[in-house]
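# Structural characterization, general
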Amino acid sequence: MFVADLLKDKVVLITGGGTGLGKLMGQRFGQLGARLAIIGRRENVLHETAEEFAQAGIAVFPFATDIRNPDTLHQAFDAIYAHYGQLDVLVNNAAGNFISPTENLSPRAVDAILNIVLHGSFYASLEAGKRWIAAGHRGTILNIVTTYAWTGSGYVVPSAAAKAGVLAMTRSLAVEWAHYGIRSVAIAPGPFPTEGAWSRLMPTDELAQSVTDRVPLGRVGRYEELTNLAAYLISDQAEYINGEVVTIDGGEWLQGAGMFNHLTRLTPDQWESIRAQMPGKKPT
Ligand code: HXC
C-alpha cells in the first residue's frame, strides 16, 4: 500500500524493538527503507533480531539497555548518534504489564510498570527532544499506548495509569515542541496477539476468547494493520498529524462504552416482538 521508499533516509529508534510489536514495526519500517536502532533489555534477543533484520537487508543497530535507567539510556542515544549521525523518529514501544487484582500489588510491582511505561517513554523522549532541539533537527515521536489509557481498566491499573500519562505527554509535547518541528503522535492498539502481551494478559484460552468476543469486528488485529498505520504516522505523508491518537481495535473499547451495545445479541425475532410491544408501532 506504500511506495517502497516511504521511509528512506529515516533513522528510527524503536524501544523494545527486539520482540513483539516493536520487532514487527521494525520489519515493516525496514522494508520501507528506514534504518533502525533497536533497544531492549536482553542482549541475546536484540542481537538475534538484528541478525534477522540484517539478513533481510535492513540496516539495524542494536543496543542493550533498560529504559528505566536514564544513564544507560543516554549512552544508548550517544551510541546511536555515533553510528548513524542522526535520529529522525523515536517509537516509544517498550512496555510492561500483567493482570492482577490491584490490592495484591506490591510497591515494587507498581514501580516496575510505571518505570518502564511512563518514566522510560519520558526519558527516551527527553533524550530525543533535547538532541533534536539543539541541532535544529525535525523529529517525530510515536507513542504506543492503549485504548484504556483514557477509560482506565481494572486489573491492569499501573499500566492504565502509566499509559494515561504517556497519552498526556503525547498531547502536551505535540503543542510545546511543534515549533521545533517535532511531531508527537500515538497509536492505541486493541488486542493484537503477541506472545509477550498474551502470556501476561490472556493466560488462558478462555480469557483470550472472551477478548475476541468483545470486538465488534469479531477478530483480533492483524499485525500488518498496525505496522502499516505506524509507518504512515512516522512518514512525511503524515506531517500535519500532530497530537493525535489513532485507535486500532476493531471497535473494542466503544463496545463497552455505549449503553445499548449489548443489544447486538438480540435476534431478529426478538426485535420484531419488541417493536410490536412499543406504543404506536406495528410489526414490520
Ligand atoms: C503480581 C507481580 C507479577 C504478577 C511481577 N510482579 N509479576 N506481582 N502479579 N503477575 C511483581 C514482582 O513480584 C515484583 O515485586 C515486581 O513486580 C517486579 O517484578 P520483577 O520480575 O522483579 O521485575 P522485572 O524483571 O523488571 O519485570 C518487569 C515485569 C515483567 C513488567 C514484571 O513482566 C516484564 O519484564 N515485562 C516486559 C514485557 C511485557 O510486560 N509485555 C507486555 C506488554 S503488553 P516484589 O514486591 O515481589 O519484589 C501491554 C499492552 C497493553 O502493555 C494493551 C493490551 C490490550
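As recorded in an unreviewed UniProt entry, the chain goes by 2,4-dienoyl-CoA reductase (NADPH) and comes from Sulfobacillus acidophilus.

## Remarks on the overall build of the chain
From N to C terminus, the chain includes eleven helices and seven strands. At 21 Å, the chain has a C-alpha radius of gyration in line with the 19 Å of a compact globule built from 284 residues. Taking all 284 residues of the chain together, the buried fraction comes to 38%. Taking contacts inside the chain between residues at least 6 apart in sequence as the whole, the part at least 24 apart equals 71%.

## Re the sheet that holds strand S5 (residues 139-144)
Reading across from one edge, S3-S2-S1-S4-S5-S6-S7 is the order of the seven strands in this open sheet, with parallel pairing throughout. Strand pairing shows two members of the sheet lacking a second neighbour, strand S3 (60-64) and strand S7 (245-248), which therefore form its edges. Neighbour-to-neighbour, the strand axes of this sheet turn through a mean angle of 15°, independent of strand direction. Strand direction decides the pairing type here: S5 and strand S6 (residues 182-189), joined by six bridges, are parallel. Bridge pairing in S6 links isoleucine 141 to serine 184. This element, helix H1 (residues 20-31), spans strand S1 (11-15), strand S2 (35-40), strand S4 (89-92) and S5 of the sheet and lies at about 170° to S1.

## Comments concerning the packing of helix H4 (residues 107-135) against helix H6 (residues 157-176)
As a packed pair, H4 and H6 sit with axes 8 Å apart at the nearest point and diverge in direction by 15°. One element, H4, and the other, H6, form an angle in the roughly parallel class. Judged by the sense of rotation from one axis to the other, the crossing of H4 with H6 is right-handed. Along the contact surface, H4 presents Val110, Ile113, Leu114, Val117, Leu118, Ser121, Phe122 and Ser125, while H6 presents Pro158, Ser159, Ala161, Ala162, Lys163, Gly165, Val166, Met169 and Leu173. Of the residues that constitute the contact of H4 with H6, the class distribution is twelve nonpolar, four polar and one charged.

## Topic: helix H3 (residues 70-84)
Between the first and last C-alpha of H3 there are 21 Å, a value that for 15 residues agrees with the 21 Å anticipated at 1.5 Å per step. For H3, the set of buried residues is Leu73, Ala76, Phe77 and Ile80. Mapping the buried residues of H3 onto a view down its axis gives an arc of 95°, with all of them on the same face. In H3, the exposed residues that point more than 90 degrees away from the buried face are Asp71 and Ala82. If you follow the buried residues of H3, they end up packed against S1, S2, S3 and H4. A positive phi of about 80° marks glycine 85, the residue just after H3.

## Description of the site of the ligand
Taken together, 18 residues lie around the ligand, and Ala95, Gly96, Asn97, Ser106 and Ala109 are the ones closest in. Within the residue set of the shell around the ligand, elements represented by two or more residues are H4 and helix H7 (195-201). Class assignment for the residues of the shell around the ligand results in eight nonpolar, eight polar and two charged.

## Looking at the environment of glycine 139
The residue glycine 139 is located in strand S5 in this model. Using a count of 22 C-beta atoms within 10 Å as the deciding quantity, one classes glycine 139 as buried. Separated by 46 residues in the primary sequence, glycine 139 and asparagine 93 place their C-alpha atoms 16 Å from one another. Contact partners of glycine 139, with chain neighbours within four places excluded, come to Leu87, Asp88, Val89, Ala128, Trp132 and Ile182.

## Overview of the nonpolar core
Membership of the largest hydrophobic core comes to 63 residues, with the highest contact counts inside it found for Val12, Leu13, Leu36 and Leu142. Considering each element in turn, this core owes the most residues, eight residues, to H4. Excluding residues within four positions of it along the chain, leucine 13 makes contact with Ala37, Ile39, Ile80, Leu87, Val89, Leu90 and Val91.

## Quick word on the environment of alanine 37
Within the fold, alanine 37 resides in strand S2. Residue alanine 37 is classed as buried on the basis of its C-beta count, with 27 C-beta atoms lying within 10 Å. With 218 residues separating them in the primary sequence, alanine 37 and glutamine 255 have C-alpha atoms 37 Å apart. Excluding anything up to four places from it in sequence, alanine 37 contacts Val11, Leu13, Phe61, Phe63 and Ile80.

Calculation rules
Residues numbered from 1 in each chain as written. Predicted model: local features only at pLDDT ≥ 70, side-chain atom pairs only at ≥ 80, totals over all residues. Helix = DSSP H or I, 4+ residues; strand = E, 2+ residues; numbered from the N terminus. Rg over C-alpha atoms; globule rule 2.2 N^0.38 Å. Buried ≥ 20, exposed ≤ 12 C-beta atoms within 10 Å, placed from the backbone. Contact = placed C-beta atoms within 7 Å. Pairing = 2+ DSSP bridges. Axes fitted to C-alpha atoms, helices over the stretch in contact; angles between N-to-C directions. Parallel < 35°, antiparallel > 145°, perpendicular 65-115°, else oblique. Left-handed = near helix turned anticlockwise from the far one by under 90°. Nonpolar A, V, L, I, M, F, W, Y, C, P; charged D, E, K, R; others polar. Expected span 1.5 Å × (residues − 1). Arc of directions from axis to C-beta. Near = placed C-beta within 6 Å. Core = buried A, V, L, I, M, F, W, Y, C linked by C-beta atoms within 7 Å.

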